[in-house]
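Coordinate inspection notes
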Amino acid sequence: MSEKESSSTGLDPSVPENAQDLTIFVQNLLEQMQSKFNQMSNSIIGRIDEMGGRIDDLEKSISDLMIQAGIDPKEINRDTGK
């Protein structure tokens, strides 16, 4: 089918016309989606790990400040049940 014919029938020329082409098209699309999902997943996991490190640093800073203020951080944790 020529470009002129496909445009006159309203078909998108990038859409496969037979079952084999459709199968290949769908497989490629699924592979692209899987790749993007993996990239996003790795990015999210990296950010969570980074946030965990920041939280650990913040907890240490708070503990250090409490010690400087003469407050025992272990005493606070015992009072709150942690």
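Look up: the structure comes first, before these words.
Residues numbered from 1 in each chain as written. Predicted model: local features only at pLDDT ≥ 70, side-chain atom pairs only at ≥ 80, totals over all residues. Heavy atoms only, no water.

**Overview of the pattern of salt bridges**
Within the structure shown, the criterion is met by two salt bridges. In this structure, Glu 50 engages Arg 54 in a salt bridge whose closest nitrogen and oxygen atoms are separated by 2.9 Å. Placement of the pair is Glu 50 and Arg 54 together in helix α2 (residues 19–68), with a separation of four residues, close to one helical turn. Relative accessible area serves as the criterion here: at 43%, Glu 50 is assigned to the partly exposed category. Here Lys 60 ties to Asp 64 by a salt bridge, and the two come within 3.2 Å at their closest N and O atoms. Taken as a pair, Lys 60 and Asp 64 lie in helix α2 at a separation of four residues, close to a single helical turn. (Salt bridge = Lys/Arg side-chain N within 4 Å of Asp/Glu carboxyl O. Helix = DSSP H or I, 4+ residues; strand = E, 2+ residues; numbered from the N terminus. Buried < 20%, exposed > 50% of the residue type's maximum accessible area, 1.4 Å probe, protein only.)

**Quick look at a nonpolar patch on the surface**
Among the surface-exposed residues, Leu 22, Phe 25, Val 26, Leu 29, Leu 30 and Met 33 lie close enough to one another that they form a single nonpolar patch of about 530 Å² accessible area. The topology assignment puts Leu 30 in helix α2. (Patch = residues over 30% accessible without salt bridge, like charges linked within 9 Å, V, L, I, M, F, W, Y side chains within 5 Å. Areas by Shrake-Rupley, 256 points an atom, 1.4 Å probe, with all protein chains shown as cover.)

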